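Below, each chain spelled out in residue letters.
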Amino acid sequence: MRKLLIYLKDYKKESILGPLFKLLEASFELFVPLVMAAIIDVGIANGDKNYILKMCGVLILLAVIGLVCSITAQFFAAKAAVGFAAKLRHVLFAHIQSLSYTEMDAIGTSTMITRMTSDINQVQSGVNMVLRLFLRSPFIVFGAMVMAFTIDVKAALIFVVIIPLLAIVVFGIMLITIPLFKKVQSGLDEVLGITRENLTGSRVIRAFHKEKEEIETFHEKNQLLTNLQLYVGKISALMNPLTYILINAALLVLIWVGAIRVDNGAILQGEVVALVNYMSQILIELVKLANLIITVTKAVACGNRIESVFEIHSSMSDGHRTKSDAHAGGNPAKRQDLRSDGHRTKSDAHAGGNPAKRQDYAVCFDNVSMGYQGGGEYAVSNINLKVKRGETVGVIGGTGSGKSTVINLIPRFYDVSEGAVYVSGEDVRDYKLSELRDKIGIVPQKAVLFAGTIRENMKWGKADATDEEINEALDIAQAREFVEQKEGKLDAEIEQGGRNLSGGQKQRLTIARALVKKPEILILDDSASALDYATDAALRHSIREMKNAPTVFIVSQRAASILHADQILVLDDGDVAGLGTHAELLENCEVYQEIYYSQFSKEEGEEVHS
Ligand code: ADP
Ligand code: MG
């Protein structure tokens, strides 16, 4: 939590002025009982109406000054707290964006959302409350006690006894309830979690007719949370009766002692009233202080959770290569520095020996293996692949065979565990990420579009794309026709996540988005799965016909989508089962034959082949 406070440093002035004005307000509040005492002892005792009116004026003045101070203090406190939260949210968002896929996998989307939203809000209100109350409440408690002593030492001794007693009750209850509140919070998180899962998966739940079970599970968790909250509520509810018993007992003693001392002429009646006032001020502030501490504990807990996200650093460092380095050719010495383990592998030595040769290839996999964090075995291993510029590579294999894993290594979404991936002859780890990804147009397996118009979505590929360029990309992606039919055409609104589009329409738009930037390398990760065969074929045809046709990677489960590729990589459970052209593979790759003949009968196969 402490490390987060540096984001408050732009608000130093506010963080000092806020509490200061609160103290001013508190000081004026402490004067009020004294004025009351004067009204009673001087004004009422002597029947001096003028004096009473004058003192009432003083009371109003104190109230107005207090109000002004209070508003000023709230203003500064709010400004500092909100500004701090905005800064923190900004930095956290930037930090999350800097993380690589590996860390994002580990944290999880819903956690990141909670950290960004409710956790930051909690910290914000914590900061706000601290600035407002942290000095004020103790100040009033002790101030009131000191004032009581100035009025009458003997009567003030009651304060010395009652304040610790009140503190024990208030803070005791707080100590009991804070851990319970934490449990309530985790119960709430749980209910939130199943609510989210249920609402996003509502179609599946209905399809499997699980509504009843889900409602029951929800009811159970919800009831658990309710019971816990009731229990905490009951304990917290003890606060008022207990403190009131104590305060009233103290008042009893105070009035009793006060009466005797007034009788003896040691103090005046008004001063007894002032003492009573101070006592109730103390009670109120102690309760506020307890609430403050609860808020602060929550805020600190949330702050620590946010901090733990900051402590996760990206395992992927940006390469140091600049554009001018590119002309100088590969710089193997530099790359060695970036290696975390520093061991030169056999393949390294071999590849490092002839960088000139690698330059000829658009993409080159050099004995690549890759394992996900916490995933045990390698997801893919020993991939060797050399792809010339303009070639088309097909990647085929069953689900989970590692197709997405392989192609995600090209834009360096993940780092390889062994070996190296080269793009235009350069290790991807030597590129600046932005430069590398500028070269690559990737269409992820899951089509993701953002809320906004079609044009806005297309401009993700290239910020200054003209309508002409966009239409060209839409043409190639076979999306032009349905876009033209939409109301507003390029200005047609896409809802969040592309809810208002069909699966195939979404896929075609994501392909067009990748094409808008005219990438050197185009990667289609099962991106045509929702298209019919004819559209799929037309799409592949128009990509081949493009000016400066990119190097294309087509991942697919359909043999028909890839059989014309220059090379086909066949994956089986993370291993290379075959690499070659359709004809070669049909001849000597068992896995490929299996896939192929499950989709084409032998005669049909002959037809396509010929
Ligand atoms: P494909 O695209 O061929 O269906 P993937 O490349 O997505 O297969 O997955 C290959 C293997 O890697 C699978 O066993 C899968 O469980 C695992 N895997 C994929 N993504 C992750 C991830 N983010 N974290 C951990 N394991 C993963
Ligand atoms: Mg996949």
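Described in the following lines is the structure provided in the data block. Counting restarts for each chain: residues are numbered from 1 in the order of the written sequence. Labels are handed out in written order, letters beginning with A for the chains and numbers beginning with 1 for the ligands. Only residues with pLDDT of at least 70 get local features here, since the model is predicted, and only at 80 or more are side-chain atom pairs given and counted; chain-wide, interface and lining totals rely on the full set of residues. For side-chain calculations, the full set of non-hydrogen atoms in the structure is used, while hydrogens and water are omitted.

**Some remarks on the coordination of the magnesium ion (ligand 2)**
Right, on to step 1. Coordination sphere of the magnesium ion (ligand 2), protein contribution only: Ser404 (OG) and Gln445 (OE1), at 2.0 to 2.2 Å. With Ser404 in helix H15 (residues 403–408) and Gln445 in the loop between strand S6 (440–443) and strand S7 (452–453), the pair connects residues that are 41 residues apart, well separated along the chain.
Right, on to step 2. We call a residue buried when its accessible area falls under 20% of the maximum for its residue type, exposed when it is over 50%, and partly exposed in between, using a 1.4 Å probe and counting protein chains only. Gln445 sits in the partly exposed class, given a relative accessible area of 44%. The rule for donors is simple: N, O or S, within 2.8 Å of the metal, or within 3.2 Å if the metal is Na, K or Ca. Water isn't counted, so a site may look like it is missing partners. In this text, helices come from DSSP runs of H or I with a minimum length of four residues, and strands from runs of E with a minimum of two, each type numbered from the N-terminal end.

**A short note on the site of ligand 1**
Right, on to step 1. Here a residue is considered near a molecule or strand provided that any single heavy atom belonging to it is located within 4 Å of it. As a matter of local geometry, ligand 1 sits amid Asp105, Tyr372, Ala379, Gly398, Thr399, Gly400, Ser401, Gly402, Lys403, Ser404, Thr405 and Tyr414.
Right, on to step 2. Within the contact set of ligand 1, an oxygen atom lies 3.1 Å away from a backbone nitrogen or oxygen of Gly402.
Right, on to step 3. Contacts to ligand 1 include Lys403, whose backbone N or O atom sits 2.9 Å from an oxygen atom.
Right, on to step 4. A total of 3 residues in the shell around ligand 1 trace back to one element, the largest contributor, which is H15.
Right, on to step 5. In this classification, the charged set is Asp, Glu, Lys and Arg, the nonpolar set is Ala, Val, Leu, Ile, Met, Phe, Trp, Tyr, Cys and Pro, and all remaining amino acids, among them Gly, are polar. Residue composition of the shell around ligand 1, by class: 3 nonpolar, 7 polar and 2 charged. Between N or O atoms, a polar contact is any pair within 3.5 Å; within protein, one atom must be a potential hydrogen donor and the other a potential acceptor, and residues adjacent in sequence are included only when both atoms are from side chains.

**Some thoughts on the environment of Lys288**
Right, on to step 1. Relative to the elements of secondary structure, Lys288 occurs in helix H10 (residues 269–310).
Right, on to step 2. Considering only alpha carbons, one finds Lys288 and Tyr592, 304 residues apart in sequence, at a separation of 73 Å.
Right, on to step 3. In this analysis, two residues are considered to be in contact whenever any of their non-hydrogen atoms come within 4.5 Å of each other. Ignoring sequence-local partners within four residues, the contact set of Lys288 consists of Leu133, Arg136 and Ser137.

**A look at helix H6 (residues 153–200)**
Right, on to step 1. Spanning 48 residues, H6 covers 67 Å between terminal C-alpha atoms, matching the ideal 70 Å at 1.5 Å per step.
Right, on to step 2. Think of it this way: the bend at a residue is just the angle between two axes, each fitted to seven residues, one set ending at that residue and the other starting at it. Along H6, the sharpest change in direction is near 30 degrees and occurs at Thr177; proline Pro179 comes one to four residues later. Expected span, for any helix, means 1.5 Å times one less than how many residues it has.

**Notes on the sheet that holds strand S2 (residues 380–388)**
Right, on to step 1. Taken in spatial order, the 4 strands make up an open sheet running S2-S1-S4-S5, and their pairing is antiparallel. Looking at which strands have only one partner, the edges of the open sheet turn out to be S2 and strand S5 (426–427).
Right, on to step 2. In short, DSSP must find at least two bridges between two strands for them to pair. The pairing of strand S4 (residues 418–423) with S5 spans 2 bridges and is classified as antiparallel. Looking at S5, one finds that Tyr422 is bridged to Asp427.

**Thoughts on the side chain of Glu391**
Right, on to step 1. Along the chain, the position of Glu391 falls in the loop between S2 and strand S3 (392–397).
Right, on to step 2. Despite its burial, Glu391 remains without a salt bridge, the nearest opposite charge being carried by Lys388 at 4.6 Å.
Right, on to step 3. Setting aside residues no more than four positions away along its own chain, Glu391 makes contact with Lys386, Pro550, Thr551, Val552, Asp566 and Gln567. In this tally Asp and Glu are treated as negative and Lys and Arg as positive; neither His nor the chain ends contributes. Note on definitions: salt bridges are taken to be side-chain nitrogens of Lys or Arg within 4 Å of carboxyl oxygens of Asp or Glu.

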